[in-house]
Amino acid sequence: MATGFLNATAKAGDTTLPYVVYVPRDYSPEKKWPVILFLHGAGERGAGGLAQSDVGIGRAIRLNPERFPALVVMPQCPTGKSWGAGITGFVGDHPEVAEAAMAALDQVLKQYSTDPDRVYLTGLSMGGYGTWYLGSKYPQRFAALLPICGGGKPAEMAGALKSLPIWVFHGDADNAVPVVRSREMVEAVRMAGNARIKYSEYPGVGHNSWDRAYGDAEAIAWLLSQKRGQ
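Residues numbered from 1 in each chain as written. Predicted model: local features only at pLDDT ≥ 70, side-chain atom pairs only at ≥ 80, totals over all residues. Heavy atoms only, no water.

So, about the pattern of salt bridges. The tally for this structure, following the rule as stated, stands at eight salt bridges. For the salt bridge of Lys 81 with Glu 96, the shortest nitrogen-to-oxygen distance reads 3.8 Å. Here the residue Lys 81 occupies a position in the loop between strand E4 (71-75) and helix H2 (95-111), and Glu 96 occupies one in helix H2, the gap between them amounting to 15 residues. Using a relative accessible area of 28% as the deciding quantity, one classes Lys 81 as partly exposed. Given the relative accessible area of 29%, Glu 96 is considered partly exposed. Its salt-bridge partner being Asp 117, residue Arg 228 comes within 2.9 Å of it at the nearest N-O pair. Residue Arg 228 is located in the segment after helix H7 (217-225), and its partner Asp 117 is located in strand E5 (residues 114-124); the two are separated by 111 residues in the primary sequence. Residue Arg 228 is classed as partly exposed on the basis of its relative accessible area of 33%. Residue classification places Asp 117 among the partly exposed residues on the basis of a relative accessible area of 26%. (Salt bridge = Lys/Arg side-chain N within 4 Å of Asp/Glu carboxyl O. Helix = DSSP H or I, 4+ residues; strand = E, 2+ residues; numbered from the N terminus. Buried < 20%, exposed > 50% of the residue type's maximum accessible area, 1.4 Å probe, protein only.)

Quick look at the structure:
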């Protein structure tokens, strides 16, 4: 079976998204593999199907592939749209795009030998918002979340996230997505009763907190150690 960064498409309703799936070099169907769904930021929107795999987690994989013994699903959001609803600062609500991202995830779960109890959701900036959105909409689908420099609707989402392991990252000098967006989500989820939410705030770091977060071996090991129902 082919490995590396592979191109595919997924459809939900009338929405079709290109996506890249990263398949580790040592992939074997004899093992049940964890799966990570990655949501990119606004700058990688388009239809070419590749830009989203060159930033964030895709870049981290290329630098240190040994840290990512998992299948990684990287859908591309269309230009002018966003990952779901309530994504402040972006164009409107597009839940149909988020559903197409979930369709890409489901396609990979069926196509490869995967562990449904080790499915993870992460994203940066617009994708950080999408991580909060999809994580709160489908908390039963994921073993853990890793949102980076995003935000959400604290009052609406916190209750659904009260049982999920979550590790949040943000730079305190972010001029694109204010750091308060992560702070308020973390506080709301903690107040809802979640004692397993972690928060790392980088002093002096601007909007690009994702290279540091995805480059953190401890963070990736933590993510892949989580299991649904633990």
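Okay, back to it.
Within the largest apolar cluster, 45 residues are counted, with the highest numbers of intra-cluster contacts made by Leu 105, Trp 132, Leu 161 and Ile 166. Elements with a minimum of two residues in this core: strand E2 (15-23), strand E3 (33-39), E4, H2, E5, helix H3 (126-137), strand E7 (166-171) and helix H5 (180-191). Among the elements that make up this core, the one with the highest residue count is H2 (ten residues). In terms of nonpolar packing, the next biggest core, distinct from the first, is built from 30 residues, Tyr 120, Ile 148, Val 205 and Trp 210 among them. (Core = buried A, V, L, I, M, F, W, Y, C linked by side-chain atoms within 4.5 Å.)

Bringing unusual backbone geometry into the picture now. The phi dihedral of Ser 125 falls on the positive side, at around 55 degrees, and the residue is not glycine. Among the structural elements, Ser 125 can be located in the loop between E5 and H3. One non-glycine residue, Cys 149, lies in positive phi territory at about 40 degrees. Of note, Cys 149 is situated in the loop between strand E6 (144-148) and helix H4 (154-157). Judged by its relative accessible area of 0%, Cys 149 is buried.

So, about the pairing of strand E8 (residues 197-202). Where E7 meets E8, six bridges bridge the pair, whose relative direction is parallel. Within the sheet, the bridge partner assigned to Trp 167 lies in E8 and is Lys 198. Between E7 and its parallel partner E8, the chain crosses via H5, and the hand of that crossover is right-handed. (Pairing = 2+ DSSP bridges. Right-handed = clockwise from strand over helix to strand, strands pointing away.)

Looking at the element boundaries, Asn 194 is found in the loop between H5 and E8. Polar side-chain contacts of Asn 194 include one of 2.8 Å to the backbone oxygen of Leu 164. There is a polar contact of 2.7 Å between the side chain of Asn 194 and the backbone nitrogen of Arg 196. With residues near it in sequence (within four places) discarded, Asn 194 still touches Leu 161, Lys 162, Ser 163, Leu 164, Ile 166 and Val 189. (Polar contact = N/O pair within 3.5 Å; in protein donor to acceptor, adjacent residues only side chain to side chain. Contact = heavy atoms within 4.5 Å.)

It is worth spelling out H5 at this point. The end-to-end C-alpha distance of H5 is 16 Å, a good match for the 16 Å that twelve residues give at a rise of 1.5 Å each. Every buried residue of H5 is accounted for by Ser 182, Met 185, Val 186, Ala 188 and Val 189. Along the long axis of H5, the arc covered by the buried residues comes to 165 degrees, so they all point the same way. Buried residues along H5 sit in contact with H3, H4, E7 and E8. (Expected span 1.5 Å × (residues − 1). Arc of directions from axis to C-beta.)

What follows covers the side chain of Ser 136. Along the chain, the position of Ser 136 falls in helix H3. Polar contacts involving the side chain of Ser 136 include one to the main-chain carbonyl oxygen of Trp 132, which spans 3.0 Å. Discounting chain neighbours no more than four positions away, the residues touching Ser 136 are Met 157, Ala 160 and Leu 161.

Tracing the backbone shows His 40 in the loop between E3 and helix H1 (57-63). Taking the relative accessible area as the measure of exposure, His 40 reaches 0% and is therefore buried. The spatial distance from the C-alpha of His 40 to the C-alpha of Arg 196 is 25 Å, given a sequence separation of 156 residues. If near-sequence neighbours (up to four positions away) are discounted, His 40 is found in contact with Arg 45, Gln 52, Pro 75, Gln 76, Cys 77, Trp 83, Leu 124, Met 126 and Gly 127.

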